[in-house]
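Below, each chain spelled out in residue letters.
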Amino acid sequence: MGKLVNFKALLKKAYANKYAVAHININNLEWIKSVLAAAQETNTPVILGVSEGAAKYMDGYKNIVQMVENAIEYQKITVPVVLHLDHGSYDAAVACLKAGFSSVMFDGSSLPIAENVKKTKAIVALAKKTNASVEGEVGGIGGEEDGKLSTGEIANLADCQKLVKCGIDTLAAGIGNIHGIYPKNWKGLDFKQLKAISDQVKIPLVLHGGSGIPTVQIKKAIALGIAKINVNTECQLAFAAATRTYIIKKQDLDTKNKGFDPRKLLKPGCEAIKQTCIEKFKIFGSINKAKA
């Protein structure tokens with residue numbers, strides 16, 4: 001089966017060369033195939049992110065590992081692919097490492113910093129046994145993720161330093177970013193705090209809620225140390241819009257050409273996911289960065 005990699009070297013390279021590796025959340029087999037195809041066609045390293053909710057939908061972590069590894073082999077994918085737990089609890093991170101994920105995020109941002117540090121250290125120790133990478137978080141990412149709501153917090157600089165000392169490979173720090181669709185009155189990213197964090201911790205940083213942030217802000221964030229950007233909502237919206245168009249045109253009612261066949265019904269949506277990914281790769285500057 002296809003071999004997964006961690007993101008340690010990928011993010012160090014991105015951080016040093018001022019581009020970002022895309023983390024694209026996957027939701028089913030269609031997402032896996034579409035994201036891998038986009039990455040392979042553009043010679044782009046990619047991180048496949050899995051939330052706990054998506055994992056339940058896809059019948060668990062072991063099934064996801066097998067699906068992704070088989071897809072890598074079947075599609076003859078040669079670019080680096082990371083399978084990463086997104087916003088995981090402690091138990092979920094442990095389970096993913098046992099199942100074969102090559103990377104995990106332990107999100108202890110809602111915990112007191114001392115407990116966040118303690119559990120992050122434990123996850124880092126476990127990850128070393130399987131050569132997996134680890135993402136930690138301080139400060140809240142606004143919006144909703146798998147039913148968890150947050151108003152969003154600006155990360156505390158001292159807390160960032162404490163978490164980095166745990167040995168994590170990358171840090172997600174709240175800088176005004178949110179999950180989901182950005183409201184019209186959104187104030188934008190806090191670049192002053194981002195620079196302060198980046199100057200202090202000196203490791204690759206993560207920007208969650210990458211869907212809908214203006215390109216000019218994305219590029220400035222990358223210049224200040226962001227090396228991993230998470231995208232989910234935009235792919236979901238693109239998939240839904242393309243599928244809706246197919247049905248509005250009543251192509252699913254074309255019995256002669258079997259327009260109702262799910263392989264045909266879902267094809268426009270899959271292509272929309274793929275094109276959305278390629279657009280993000282271009283903005284993040286990661287196209288043709290798969291070569292050593």
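Bear in mind that the values here come from a model prediction, so they are computed numbers and not experimental data.

As for the packing of helix α2 (residues 29–41) against helix α12 (residues 267–284)
Here is step 1 of the chain: Running from N to C, α2 and α12 cross one another at 40°; their axes reach a closest spacing of 8 Å. Judged on the interaxial angle alone, α12 and α2 are oblique. For the pair α2 and α12, the crossing hand works out as right-handed. Counted together, Glu30, Trp31, Ser34, Val35, Ala37, Ala38, Ala39 and Glu41 of α2 and Cys270, Ile273, Lys274, Cys277, Ile278 and Phe281 of α12 form the full contact between these two elements.
Here is step 2 of the chain: Grouping the constituent residues of the contact of α2 with α12 by class yields ten nonpolar, one polar and three charged.

With respect to the environment of histidine 87
Here is step 1 of the chain: Within the secondary structure, histidine 87 sits in strand β3 (residues 81–88).
Here is step 2 of the chain: Note on histidine 87: relative accessible area 7%, which makes it buried.
Here is step 3 of the chain: A distance of 2.9 Å separates polar atoms of two side chains, one belonging to histidine 87 and the other to histidine 208.

Overview of the sheet that holds strand β5 (residues 133–138)
Here is step 1 of the chain: Reading around the barrel, the eight strands line up as β1-β2-β3-β4-β5-β8-β9-β10 and close back on themselves, with parallel pairing between neighbours. Taking the axes of each pair of neighbouring strands and ignoring which way they run, one obtains an average angle of 25° across the sheet.
Here is step 2 of the chain: Judged from the five bridges that link them, strand β2 (residues 46–50) and β3 form a sheet pairing that is parallel. Across the sheet, the residue bridging to valine 46 is valine 81, located in β3.
Here is step 3 of the chain: Sheet strands in contact with helix α4 (residues 61–74) are β2 and β3, and its direction is about 155° off that of β3.

What to know about the nonpolar core
Here is step 1 of the chain: Ile26, Leu83 and Leu171 are the most contacted members of the largest nonpolar core, which totals 79 residues.
Here is step 2 of the chain: Examining the composition of this core, we find that seven residues originate from one element, α4, more than from any other.
Here is step 3 of the chain: Excluding residues within four positions of it along the chain, leucine 83 makes contact with Leu4, Val5, Ile26, Leu48, Val50, Ile64, Val65, Val68, Phe101, Ser102 and Ser103.

A look at helix α1 (residues 8–17)
Here is step 1 of the chain: Those residues of α1 that sit buried are Leu10, Leu11 and Ala14. Down the axis of α1, the buried set is contained in an arc of 90°. They therefore lie on one face. Exposed side of α1, more than 90 degrees from the buried face: Ala9, Lys12 and Ala16 are the residues found there.
Here is step 2 of the chain: Residues of α1 that are buried in the fold lie against β1 (21–25), β2, β3, β8 (170–173) and β10 (226–231).
Here is step 3 of the chain: Lysine 18 sits one or two positions beyond α1 and adopts a positive phi of about 60°.

A closer look at helix α5 (residues 90–99)
Here is step 1 of the chain: Along α5, the residues classified as buried are Ala92, Ala93, Val94, Cys96, Leu97 and Ala99.
Here is step 2 of the chain: If you follow the buried residues of α5, they end up packed against α3 (52–57), α4, β3, β4 (103–106) and α6 (113–129).
Here is step 3 of the chain: Phi for glycine 100, located one or two positions after α5, is positive at around 115°.

So, the packing of aromatic side chains
Here is step 1 of the chain: Evaluated as defined, the whole model comprises three aromatic pairs.
Here is step 2 of the chain: Residues tyrosine 61 and phenylalanine 101 carry aromatic rings whose centres are separated by 5.7 Å and whose planes lie at 85° to one another, so their mutual orientation is edge-to-face. On the criterion of sequence distance, the pair formed by tyrosine 61 in helix α4 and phenylalanine 101 in the loop between α5 and β4 is long-range, its members being 40 residues apart.
Here is step 3 of the chain: Ring centres of tyrosine 90 and phenylalanine 106 lie 6.2 Å apart, and the angle between their planes is 90°; this geometry places the pair in the edge-to-face category.

Some words on the pairing of β10
In the case of a regular strand, side chains alternate between the two sheet surfaces.
Here is step 1 of the chain: By the criterion of burial, β10 is predominantly enclosed, with six of the six residues buried.
Here is step 2 of the chain: As judged from the four bridges shared by β1 and β10, these two strands associate in the parallel manner. When the bridges of β10 are listed, isoleucine 24 appears paired with valine 231.
Here is step 3 of the chain: By the bridge criterion, three bridges tie strand β9 (residues 205–207) to β10 in an arrangement that is parallel.

Analysis parameters
- Residues numbered from 1 in each chain as written.
- Predicted model: local features only at pLDDT ≥ 70, side-chain atom pairs only at ≥ 80, totals over all residues.
- Heavy atoms only, no water.
- Axes fitted to C-alpha atoms, helices over the stretch in contact; angles between N-to-C directions.
- Helix = DSSP H or I, 4+ residues; strand = E, 2+ residues; numbered from the N terminus.
- Parallel < 35°, antiparallel > 145°, perpendicular 65-115°, else oblique.
- Left-handed = near helix turned anticlockwise from the far one by under 90°.
- Contact = heavy atoms within 4.5 Å.
- Nonpolar A, V, L, I, M, F, W, Y, C, P; charged D, E, K, R; others polar.
- Buried < 20%, exposed > 50% of the residue type's maximum accessible area, 1.4 Å probe, protein only.
- Polar contact = N/O pair within 3.5 Å; in protein donor to acceptor, adjacent residues only side chain to side chain.
- Pairing = 2+ DSSP bridges.
- Core = buried A, V, L, I, M, F, W, Y, C linked by side-chain atoms within 4.5 Å.
- Arc of directions from axis to C-beta.
- Phe/Tyr/Trp six-rings, centres within 6.5 Å; stacked < 30°, edge-to-face > 60°.

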